[in-house]
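Structure at a glance
Letter by letter, the chains look like this.
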Amino acid sequence: MNATMPGPGLRAVSAAAPSDPATILIAEDDDGHAALIRLHLQEAGVDNPIVRFVDGQELLDFLLRRGSGPHRQSGRSYLLLLDIRMPKVDGVEVLRRMKADREVRKIPVIVLTTTDDPRVVDECYALGCSLFITKPVDAEELFEAIRRIGLLSRIAAAPRIDGFDTQRPEKP
Amino acid sequence: MRERTGDPTASSAIRRLNRLLLLLFAGWSALVVGLWLLHEVRPDHSPGGKDGRTDPGENPAYPGPDMMDLGYALLWAVGAAGLWLGGRQLRGGVQERSAAVEAARRNEQAVRQSRAMLQLVMDTIPARVFWKDRNSVYLGCNLLFARDAGLRTPEEIIGRTDLELGWREQAELYRADDRLVMESGIPKLRYEEPQTTPSGGRIYLRTSKVPLCDENGRVIGIMGTYEDITERKLAREGLERERTFLRQVIDTAPGFICVKDAEGRFVLANRALAEAYGTTVSDLLGKTDADFNGNPEEVAKFRREDREVMETRSPKHIAEERITYADGQTHWITTTKVPLVDPDGTCTRLLAVCTDITERKRTEEALEKTEALLTAAIQQSPSGILIADAPDVTIRVANPAALGIRGRTTAPLTGIDYREHSRNWKVLRPDGSPYPSEELPLSRAVLEGAVSENVEAIIVNEDGQKRWVSVNAGPIRNREGRVTAGIVIFSDVTDRKRVEAEREELLKQLETKNQELESLFHAASHDMRSPLVNIQGFVRELEEDCATLAVCLAAADMPADRRKTCDSILNDGIPTAVRFIRTSGEKMSSLINGMLRVARSGRASLRLESLEMSRLLEAVVASLGFQIREAAARVEVDPLPDCRGDADQINQVFTNLLDNAMKYRDPTRPLQIRVTGRAEGCRVVYCVEDNGRGIAPEHQSGVWELFHRLNPREDAEGEGVGLTLVRRIVERHNGEVWLESEPGKGSRFFVALPAAE
């Protein structure tokens, strides 16, 4: 696993009182990768709900509740696995826009991508990603990396987004 | 002058007495007058020449008192009267020697008269008179002498000696003279001597002493006379001093000073001239230039000038002329000749004053030479040069190069002041805006004393063509530091500017290309890795599925030949395919990683510092400890000179070289690696030497290339970028790499880097 250091946003909490599990969002344009991630997470015993997006635009529409596709729900927790090179809007831009939003910025973001360009690593952390993981090409290593992400997602507390205004009508 | 009268045949006592007295009177008179004449009256005793012994020419205007003339007249009168009377008595005595009584009476009367007369003469004569006996005891003196001696009457002197008088100090001197005169019988005349006055003062005398002889010619005493010449002596001394002073002045003067007469003879000359002519001042007098100057032309010229000055009676200044010295050397002098006009209006002499200006002349010649050199330099300079005068920045000089850069025009380019500069010298700033006249480097140099260095500007010529120039300007100051002019030097850098611009453009393009290439690398690495992730990931799934399938098949009921086929697929066909797919994936991944590393090595910035290479190699060897043990290699590191480089990158260079040596070792012998280094001028050269397989000559240049492998089949591990990285890094350090190798023996890899400072 190529993770450098844990970023802000992931806090270890007691596993004794898990609130309803965070939804894992996977932004990944490569179907194969997406399938492998799902498979490996399942193998690691992660049963959280998983939602996959094929590009940055689809993800932003969901997070910022725009467009005709599915939108995120208030009061829920999310954890994002973000690829960098994606059509339409790339991962770095997604990260920038997420961090510009008062609520969405709370979502922990694990960048999971094939690139190991140090400039990209720097930029993502500067923008506020929680963790940057380079996808190992080696199958066993990839499995191991995703298994650990799965374990992490089980013990990490993810903040509820718009948790305190669930009673208020949703803004259009 | 000695008296020689007397008649030894006389017999009577009275007659003898009478005759003696008569003789005495006559003798005295003659003696005194004669002595006086001797003493005082000289051939030149004209009203203007009392000081007869000095050269008449030297003091032509001595103002003597007329009182002296009265004194002479009186003397003559009294002397003549005495002689006449004496003569008459003598004659009378001889003619009437028989009438004894009458004669005695008359003689007595005559004696009385003569005594009175003698006394009168003595006291009136304007000189001191005294007489002494053989022992220098005073027998008598006149009134003036008595007073000089501090006595009231002449009688008081009788019986005294000089030792008892006011001039005791000089007594021995006087007495010595007395003795000399008396012993030799020769008078000592007109000599100067000092005398102490009764009041203790010091005066100067001119004394004459004559011996007194009796009728037998025996010296019986001495008679002397003197006069006080103190005043005259002092005046003479004063004159002497003045003359000496004037002499000193003209001799000290550095130039030549001389007076010439109508014939060109030197009447006066100073030492400088005498020395130049190789002679003495006194030798020069009375001679002419021709006697000393070997150059007839010069002599003739001097003579012409002299004549002209005396004829026109107006001064003449000759700014420069040559004069040949006695040593044959030619000097330059500046001369002023002034006529000396006599009171009667005639002019027979001239004064010439000359200054040696040879040095100045040489300086001037040197200056002229310098100026000629500078002019040539300015004219020949390939850079444009303008020189402008203060205060209006009036362009005085524009050299051909300046005019060439400016281009052909009918507008005046010199003689114009700064208000017109911008009209005729159109100059733009690099941004294309026009230069105000007063801000041009040349104007600023003259007006503000400002120095400009390598200022870039554009000069526009008549056709609107723009020439880029690099401009240097500065003030020219005089000795007081005031700016008197300014100079601007500008060279046409248009071509250089164009080349620079082109190079800059190329560099920019290159940079863009590099960035594009790098982005391409990264994009490619990402995009190439993505499929690899799938290939590897799904191969793994495939294997797991195959394992599950094998379990299911084992439990399934099927014919033996089909089971055999299935087993073959599951145990042989699929695993073989999976292994190839996986290996190829790994290889692909490795190539991508190598490509990325090379791409990135060109991007990292270098932190240059002095590197202690012995220590750096120690670290490299330590970090490769595992591989070295695996390869059973012996690594020797000699003491190494230090170099200048980036620690991380140079570490990478030697890590790769050692790694390479171990990778290509010869399995038939134990690997030996030796690292050496030597300083070579301003760089250091390191060598990593091994006894490995070596590289064939045809492969030697290829080893530095990306993904080059000596033996692709055997060298599966590694990315194939090690040496490429080595070369890239060393070249970024302005270094150099090369190798020497012999197949089967080993290789030497050389790395040259800048030496540590």
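These lines cover the structure that appears in this document, whether it is placed above or below. All of these numbers come straight from a predicted model, not from anything done at the bench.

On to the packing of helix α3 (residues 91-100) of chain A against helix α4 (residues 118-127) of chain A. Residues and elements named next belong to chain A. Between α3 and α4, the least distance of the axes is 9 Å, while the angle of their chain directions is 15 degrees. Classified by the interaxial angle, the pair formed by α3 and α4 is roughly parallel. As α3 packs across α4, the resulting crossing turns out to be left-handed. Where α3 approaches α4, its residues Val92, Leu95, Arg96 and Lys99 are matched on the opposing element by Glu123, Cys124 and Leu127.

With that settled, the discussion passes to the nonpolar core. In terms of nonpolar packing, the biggest core is built from 36 residues, with B:Met613, B:Phe654 and B:Leu657 touching the most fellow members. Breaking this core down by element, the ones donating at least two residues are α16 (613-623), α17 (625-631), α18 (647-663), β20 (672-680), β21 (683-690), α20 (722-732), β22 (736-742) and β23 (746-754) of chain B. Ranked by residue count, the leading element in this core is α18(B), at seven residues. Setting aside its immediate chain neighbours within four residues, B:Met613 contacts B:Leu640, B:Pro641, B:Asp642, B:Cys643, B:Ile650, B:Phe654 and B:Tyr686. Counting residues in each nonpolar core, the second largest holds 27 residues, with A:Leu80, A:Val92, A:Leu95 and A:Ile107 among its members.

Residues and elements named next belong to chain B. Pairing is antiparallel across the open sheet formed by five strands, whose spatial order is β2-β1-β5-β4-β3. Only two strands of the sheet have a single neighbouring strand rather than two, namely β2 (138-141) and β3 (188-196). Put simply, the sheet's adjacent strands are angled 30 degrees from each other on average, direction ignored. One ladder, built from three bridges, connects strand β1 (residues 128-133) with β2; its direction is antiparallel. The residue of β2 that forms the bridge with Phe130 is Cys141. Each of β1, β3, β4 (202-213) and β5 (219-228) is contacted by helix α5 (residues 168-184), which is oriented at about 165 degrees to β3, the strand it contacts most.

To continue, consider the interface of chain A and chain B. Between chain A and chain B, the contact holds 25 residues from the first and 21 residues from the second. A per-residue breakdown of the area chain A buries against chain B is headed by A:Arg85, A:Thr114 and A:Val137, which together make up 31% of the total. Across the salt bridge formed by B:Arg540 and A:Glu140, the nearest N and O atoms sit 2.7 Å from each other. Our count for the contact surface shared by chain A and chain B stands at six residue pairs in polar contact (both at pLDDT 80 or more). Looking at the side of chain A that touches chain B, the element that brings in the most residues is helix α1 (residues 31-43) of chain A, giving seven residues. Residue classes in the side of chain A that touches chain B are distributed as nine nonpolar, six polar and ten charged.

The rules behind these values
Residues numbered from 1 in each chain as written. Chains lettered and ligands numbered in written order. Predicted model: local features only at pLDDT ≥ 70, side-chain atom pairs only at ≥ 80, totals over all residues. Heavy atoms only, no water. Axes fitted to C-alpha atoms, helices over the stretch in contact; angles between N-to-C directions. Helix = DSSP H or I, 4+ residues; strand = E, 2+ residues; numbered from the N terminus. Parallel < 35°, antiparallel > 145°, perpendicular 65-115°, else oblique. Left-handed = near helix turned anticlockwise from the far one by under 90°. Contact = heavy atoms within 4.5 Å. Core = buried A, V, L, I, M, F, W, Y, C linked by side-chain atoms within 4.5 Å. Buried < 20%, exposed > 50% of the residue type's maximum accessible area, 1.4 Å probe, protein only. Pairing = 2+ DSSP bridges. Buried area = accessible area lost by both parts, 1.4 Å probe. Salt bridge = Lys/Arg side-chain N within 4 Å of Asp/Glu carboxyl O. Polar contact = N/O pair within 3.5 Å; in protein donor to acceptor, adjacent residues only side chain to side chain. Nonpolar A, V, L, I, M, F, W, Y, C, P; charged D, E, K, R; others polar.

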